Amino acid sequence: MTDPLALSSSPQEETPLRVAVSNLRSDALFSNDYSRIYARAIPLLGPALAADDRPSLTELHYHIAVHYARQFKFELAEEHITNACSTCPESLGFSWLKAKCTYGKAYIFFMQEDYGRSIRSCYQGLKISNESDLIRGRFFHLLGTIYGKLGQLKKSSKYLHFSIGILEKNGLENKLSVEYANLAFVLNEAGFKDNAKKSYEKAFKLFKLDKDESSNYFCNALTGRAKIHFEENELRQAENLALRAFELQKDLSRPQVLTTLILLVDIQEKKGEKHKALCTLHKAKNISDWIGSFNDKIEIRKRLSEHYSETGKFKQALEIYYEIEEIQRNKISKESTKHFYSPIKNTVDIQNKANYEKQSGDLSFVVSHDLKEPLRSIGGFSDLISLKYGSLLPEEGKEYLAFMNSGVKKMNALLNDLQSYTHLDEQLTSPSKWCNTEEIIRNCIFALGDLIKVKNARISVEELPRIKSNPVVLERILINLIENALKFNDKEIPEASVSAKTENGMIHISVIDNGPGIEKDYNDKIFGIFKKLNRSNDDGTGIGLAICKKGTEGLGGEIRLDSEPGQGSCFTVILPCE
């Protein structure tokens, strides 16, 4: 079995570079100080490149990628993890290094809260990580953490126990303490408070308090134990532990400090200390602007807005409401553009990009800013009327207000879909590549998880081929077709099946449902923008199928509908095989 701490499975000359990278790897294994590791890794890139030392280059790019991910610089992180994967040797002796790169990808997705892709990368990495227990342990740890965040506590506990077994086997006490703290959190969320307390006690004993009180993981354990005290109404103990965790976390610059602060807010509000809770919320807001994710910023501002509304400070509540809207716009904008452009290779590419931005970017800007601005005002003041005067309104007035709020939501959904329609041109500029169609369908099902659960729907997928296409656009087309198959289906158990076949050099991907079916007269009209079969139906904006048609034609194909009333519908996307 290959030693995961060696550069290669075969004996090689111990050059100063190899010794330096080996020391770096050992430090990274037992330390969480990635800033120091990063500072040492950067100067080694040049010598490794000059010597064409691919294993060392892979290691260095991996460590730099993890550093950037922890700094929330995801574009740089993805660039370096891509370099790590491209320089990783293909020989069997380096399968552990390939697994490590896969872990790096999973970790970067996790830090971006893209849990679906992170989970898939973890499972992919587990298939190739048999040579190293320690690397398998990393995947188990990450899977346990993700499933915990997703509320799938049984799976989370299972993977954390796998990780604990590996850490016990290798005698890594400090990392073992981290895993016991994670397990305690999961057990507490699942309602097993006594078992959670025992796990926290094991974590604290293993942390070696004389050395590691500044550890971010120790602070997490303090916060988790504080939460148990809070839930048991032991507010003094809970506040003391949470304050201790916050004081220790001040210098750590990690997003977990926000979890501690929100717990402090809950404790202070339960104690009736409203002013103190407001001050803590403002601390959390300032920290989230520095190191928080989009979701952190939004959730903390929602708490602030609620606090102001409850205390009658409606002007401040409205200001916070506008901040939330701006953050949500920035989030949507970043998510919809981060995969669009491939690296620009020459001045022609630069000119093409500039021409696109001039022509279609203007409409997107108008949609996201000019058209939404009055809508935000209507929605904001409607909310204020509900908060301040809702109890004074007669039933008829409350009904009018409900109609107003419903109209705002519909218009906002319409503008979001219109923005997606205008962005499609930009997405189509990305080059084609070989796509795993089954993986794309898994992404669609993951994204539609809530709808599938609410509708009690069934989705069946036959074996699908690989296809050379634009994965972003193809996924957008298929997710719209599957969503329509479930959304506009009044059966007790809506069903959608996805299948494919190759015919005359073209691939036919079909989405078949058991819905109400569509009259043949509408077969062409239904793909027009803003076209809806049933105007009284609140679901949908009439843009989804227009996106499917525009996207399919942009990929050099076509989309067809075969349907009969009462017999369900079959939408078929026909694309070139290559």
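Scroll up to find the structure.
Residues numbered from 1 in each chain as written. Predicted model: local features only at pLDDT ≥ 70, side-chain atom pairs only at ≥ 80, totals over all residues. Heavy atoms only, no water.

### Digging into the overall build of the protein chain
- Across its full length, the protein chain holds 23 helices and seven strands.
- Looking at the protein chain as a whole, 46% of its 578 residues are labelled buried.
- If you take every contact in the protein chain between residues at least 6 apart in sequence, the share linking residues at least 24 apart comes to 64%.
- Summing over all exposed atoms, the protein chain offers an accessible surface of approximately 29,500 Å²; the carbon and sulfur share of this is 52%. (Helix = DSSP H or I, 4+ residues; strand = E, 2+ residues; numbered from the N terminus. Buried < 20%, exposed > 50% of the residue type's maximum accessible area, 1.4 Å probe, protein only. Contact = heavy atoms within 4.5 Å. Areas by Shrake-Rupley, 256 points an atom, 1.4 Å probe, with all protein chains shown as cover.)

### Regarding helix H7 (residues 133–149)
- Given a rise of 1.5 Å per residue, 17 residues ought to cover 24 Å, and the 24 Å separating the end C-alpha atoms of H7 matches this to within 8%.
- With 12 of its 17 residues buried, H7 lies for the most part within the structure.
- Within H7 the residues assigned to the buried category are Leu134, Ile135, Arg136, Gly137, Phe139, Phe140, Leu142, Leu143, Gly144, Ile146, Tyr147 and Gly148. (Expected span 1.5 Å × (residues − 1).)

### Comments concerning a nonpolar patch on the surface
- Residues Ile385, Tyr389 and Leu392 make up a contiguous nonpolar surface patch of about 310 Å² in total accessible area.
- One can find Ile385 in helix H18 (residues 347–389). (Patch = residues over 30% accessible without salt bridge, like charges linked within 9 Å, V, L, I, M, F, W, Y side chains within 5 Å. Salt bridge = Lys/Arg side-chain N within 4 Å of Asp/Glu carboxyl O.)

### Quick word on the packing of aromatic side chains
- Inspection of the entire model under this criterion finds 10 aromatic pairs.
- Ring plane angle 80° and centroid distance 5.7 Å describe the contact between Tyr103 and Phe139, whose orientation is recorded as edge-to-face. Of this pair, Tyr103 sits in helix H5 (residues 95–111) while Phe139 is found in helix H7, placing the two residues 36 residues apart along the sequence. Grouping residues by exposure puts Tyr103 and Phe139 together as buried.
- Centre to centre, the rings of Tyr159 and Phe162 are 5.9 Å apart; their planes meet at 80°, and the pair counts as edge-to-face. Taken together, the residues Tyr159 and Phe162, both in helix H8 (residues 153–170) and three residues apart, mark about one turn of the helix. (Phe/Tyr/Trp six-rings, centres within 6.5 Å; stacked < 30°, edge-to-face > 60°.)

### Topic: the pattern of salt bridges
- Summed over all chains, the structure comprises 17 salt bridges.
- Between Lys276 and Glu273 there is a salt bridge whose closest N-O contact spans 3.4 Å.
- On the accessibility criterion, Lys276 (39% relative accessible area) is partly exposed.
- Residue class for Glu273 comes out partly exposed when judged on its relative accessible area of 25%.
- As a salt-bridge pair, Glu395 and Lys398 come within 3.8 Å of each other at their nearest N and O atoms.

### Considering the side chain of Ser569
- Position of Ser569 among the secondary structure elements: in strand S7 (residues 569–576).
- On the accessibility criterion, Ser569 (5% relative accessible area) is buried.
- If we skip the residues at most four places from it in the chain, Ser569 touches Val511, Ile512, Asp513, Gly517, Ile518, Leu561, Asp562 and Ser563.

### Quick notes on the nonpolar core
- Ranked by internal contacts, the top residues of the largest apolar core, which has 51 residues, are Tyr200 and Ile287.
- Non-local contacts of Ile287, meaning those with residues more than four positions away in its chain, are made with Phe246, Val257, Leu258, Leu261 and Gly292.
- In terms of nonpolar packing, the next biggest core, distinct from the first, is built from 45 residues, Ala41, Ile81, Ile108 and Tyr159 among them. (Core = buried A, V, L, I, M, F, W, Y, C linked by side-chain atoms within 4.5 Å.)

### Structural notes on the packing of helix H15 (residues 274–291) against helix H16 (residues 294–310)
- Close contact between H15 and H16 brings their axes to 9 Å; oriented N to C, the two are set at 155°. Taken together, the axes of H15 and H16 lie roughly antiparallel to each other. Handedness of the crossing formed by H15 with H16: left-handed. Residues Lys274, Leu278, Leu281, His282, Ala284, Lys285, Ser288 and Asp289 of H15 form the contact with H16, whose own contacting residues are Lys297, Ile300, Arg301, Arg303, Leu304, His307, Tyr308 and Glu310.
- Residues belonging to the contact of H15 with H16 are distributed by class as follows: six nonpolar, three polar and seven charged. (Axes fitted to C-alpha atoms, helices over the stretch in contact; angles between N-to-C directions. Parallel < 35°, antiparallel > 145°, perpendicular 65-115°, else oblique. Left-handed = near helix turned anticlockwise from the far one by under 90°. Nonpolar A, V, L, I, M, F, W, Y, C, P; charged D, E, K, R; others polar.)

### Some remarks on the sheet that holds strand S5 (residues 506–513)
- Read from one edge of the open sheet, five strands run S2-S4-S5-S7-S6, paired in mixed fashion. Of all strands in the sheet, those with a lone pairing partner are strand S2 (458–461) and strand S6 (558–563), marking the two edges. Ignoring strand direction, the axes of neighbouring strands in this sheet form an average angle of 20°.
- Where strand S4 (residues 495–503) lies against S5, eight bridges are found, and the strand directions are antiparallel. Bridging from a neighbouring strand, Val498 pairs with Val511 of S5. (Pairing = 2+ DSSP bridges.)

### Side note on helix H14 (residues 256–270)
- Its 15 residues place the ends of H14 22 Å apart at the C-alpha level, agreeing with the 21 Å of an ideal helix rising 1.5 Å per residue.
- Within H14, burial applies to Val257, Leu258, Thr260, Leu261, Ile262, Leu263, Leu264, Val265, Ile267 and Gln268.
- At the exit of H14 stands Gly272, carrying a positive phi of roughly 85°.

### Examining the environment of Lys297
- Residue placement: Lys297 occurs in helix H16.
- On the basis of relative accessibility, which here comes to 18%, the residue Lys297 falls in the buried class.
- Residues Lys297 and Leu258, spaced 39 residues apart in sequence, show a C-alpha to C-alpha distance of 9.9 Å.

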